[in-house]
Amino acid sequence: MAFRIAPSILSADFARLGEEVRAVAAAGADLVHFDVMDNHYVPNLTVGPLVCAALKPQSKLPLDVHLMVRPVDRIIPDFAKAGASIISFHPEASEHVDRTIALIKENGCKAGLVLNPATPVSFLDYTLEKLDLVLLMSVNPGFGGQQFIRSVLPKIAEVRKRIDKLGKDIWLEVDGGIKTDNIADAAKAGADTFVAGSAIFGSKDYAATIRQMREKLSVV
Ligand code: DX5
Ligand code: ZN
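Presented here is a report on the structure given in the accompanying data block.

Basis of the calculations
- Residues numbered from 1 in each chain as written.
- Chains lettered and ligands numbered in written order.
- Predicted model: local features only at pLDDT ≥ 70, side-chain atom pairs only at ≥ 80, totals over all residues.
- Heavy atoms only, no water.
- Helix = DSSP H or I, 4+ residues; strand = E, 2+ residues; numbered from the N terminus.
- Buried < 20%, exposed > 50% of the residue type's maximum accessible area, 1.4 Å probe, protein only.
- Polar contact = N/O pair within 3.5 Å; in protein donor to acceptor, adjacent residues only side chain to side chain.
- Contact = heavy atoms within 4.5 Å.
- Pairing = 2+ DSSP bridges.
- Axes fitted to C-alpha atoms, helices over the stretch in contact; angles between N-to-C directions.
- Near = heavy atom within 4 Å.
- Areas by Shrake-Rupley, 256 points an atom, 1.4 Å probe, with all protein chains shown as cover.
- 1 Å grid on protein atoms, 1.4 Å probe; cavity = no way out; pocket = protein on both sides within 12 Å on 5 of 7 lines; lining within 4 Å.
- Sits in = over half its atoms within 2 Å of the grid points.
- Nonpolar A, V, L, I, M, F, W, Y, C, P; charged D, E, K, R; others polar.
- Points joined across faces, edges and corners; volume = space filled by probe spheres on them.
- Arc of directions from axis to C-beta.
- Core = buried A, V, L, I, M, F, W, Y, C linked by side-chain atoms within 4.5 Å.

As for the side chain of Asn-182
Inference 1: Structurally, Asn-182 is set in the loop between strand 7 (171-175) and helix 6 (183-189).
Inference 2: On the basis of relative accessible area, Asn-182 is assigned to the buried category, the value being 7%.
Inference 3: In this structure the side chain of Asn-182 is engaged in a polar contact, spanning 2.7 Å, whose partner is the backbone nitrogen of Lys-179.
Inference 4: Ignoring anything within four residues of it in the chain, the contact list for Asn-182 reads Phe-148 and Gly-177.

Written out as structure tokens, the structure reads:
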């Protein structure tokens, strides 16, 4: 199993964002996780396509755009143009989930669906085969630095089963409260891609933290 680590720039120093992206790239990250919040779908406000476009040339890493905005469709082409590789959205934020998935793909990006801690796995019933990524939230979306909700572990296992049954290369990403001491639990449950904001950007040595995470993953 290939494991991927996606530092969330939500916990980076926003006065030095370009430098922070270069730093996590040099530290061995696989993706840059880009949290977009609108003070509407979630009670916080972050960054949009302009900042995404500005960060794109800062590293070769794919930009993993996590949209916490409602509505979603209008802004998708803008993020595609801004260099997003993956665009994920919450089904509650889209009037027509199937249409939004198609729109992301038409714009040349990989499509991800995000399930909140209380959102049922049944949202994958007619969508999974069209997705490139399922993102399971292990906190309620809106803020970095929250506590990992452990009840997501059986949910990860359930989604892992569905993906394996389908036999498609769909990434299973987990987002929220991931640290060096619980990343292996999420991996054991079946996740292969790990968002970590405060754990990486809140540490002194990004490379050492990512290395520790990989060490924990290597014994799963
Ligand atoms: C929360 C965001 C997360 C957040 C994770 O709504 O989607 O990506 O940045 O931060 P940590 O790793 O600190 O929980
Ligand atoms: Zn996120």
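Considering the sheet that holds strand 3 (residues 63-68)
Strands belonging to one sheet form pairs held by backbone hydrogen bonds; the direction of such a pair is parallel or antiparallel.
Inference 1: Ordered in space as 1-8-7-6-5-4-3-2, the eight strands form an open sheet in which the pairing is parallel. Strands at the two margins of the open sheet, each flanked by one partner only, are strand 1 (4-7) and strand 2 (32-37). This sheet shows a mean twist of 25° between the axes of neighbouring strands, independent of strand direction.
Inference 2: In this sheet, strand 5 (residues 110-115) lies alongside strand 4 (residues 84-89) in parallel orientation, the contact comprising four bridges. Bridge pairing links Phe-89 to Leu-113 in strand 5.
Inference 3: Across the sheet, helix 5 (residues 152-166) lies against strand 5, strand 6 (133-137) and strand 7, angled at about 170° from strand 6, the strand it touches most.

Considerations on the site of ligand 1
Inference 1: Near ligand 1 you find 20 residues, and of these Asp-35, Asp-175, Gly-177, Gly-197 and Ser-198 are the closest.
Inference 2: One of the backbone N or O atoms of Gly-145 is found 2.8 Å from an oxygen atom in ligand 1.
Inference 3: Gly-177 places a main-chain nitrogen or oxygen 2.8 Å from an oxygen atom of ligand 1.
Inference 4: Protein coverage of the free-state accessible area of ligand 1, which is 380 Å², stands at 100%.
Inference 5: In this structure the site holding ligand 1 corresponds to the largest cavity.
Inference 6: Looking at the shell around ligand 1, the elements that each hand over two or more residues are strand 2, strand 3 and strand 8 (193-196).
Inference 7: With three residues, strand 2 is the single largest residue contributor to the shell around ligand 1.
Inference 8: Looking at the shell around ligand 1 residue by residue, the classes come out as eight nonpolar, ten polar and two charged.

Digging into empty space enclosed by the protein
Inference 1: Tallied over the full model, the rule gives one cavity of 30 Å³ or more.
Inference 2: Together, 24 residues line the largest cavity, and Phe-143, Gly-144, Gly-145, Asp-175 and Gly-176 are the ones closest to its centre.
Inference 3: Contributing elements (two or more residues each) for the lining of the largest cavity: strand 2, strand 3 and strand 8.
Inference 4: Class assignment for the residues of the lining of the largest cavity results in ten nonpolar, eleven polar and three charged.

With respect to helix 1 (residues 17-26)
Inference 1: Among the residues of helix 1, Leu-17, Gly-18, Glu-20, Val-21 and Val-24 are the ones counted as buried. Here the buried residues of helix 1 occupy an arc of 165° about the axis, which is enough to place them on one side.
Inference 2: Tucked inside the fold, the buried residues of helix 1 contact strand 1, strand 2, helix 2 (49-55), helix 7 (198-201) and helix 8 (206-218).
Inference 3: Following helix 1 by one or two positions, Gly-28 adopts a phi angle in the positive range, close to 100°.

With respect to the nonpolar core
Inference 1: Ile-156 and Phe-194 are the most contacted members of the largest nonpolar core, which totals 71 residues.
Inference 2: Per element, the largest residue contribution to this core is five residues, and it comes from helix 5.
Inference 3: When near neighbours in sequence (up to four residues on either side) are disregarded, Ile-156 contacts Leu-136, Leu-172, Val-174, Ala-186, Ala-189, Gly-190 and Ala-191.
Inference 4: Grouped together as the second largest cluster of nonpolar side chains are ten residues, Ile-86, Val-114, Leu-135 and Trp-171 included.

Function cannot be inferred from these measures alone, as they are strictly geometric.
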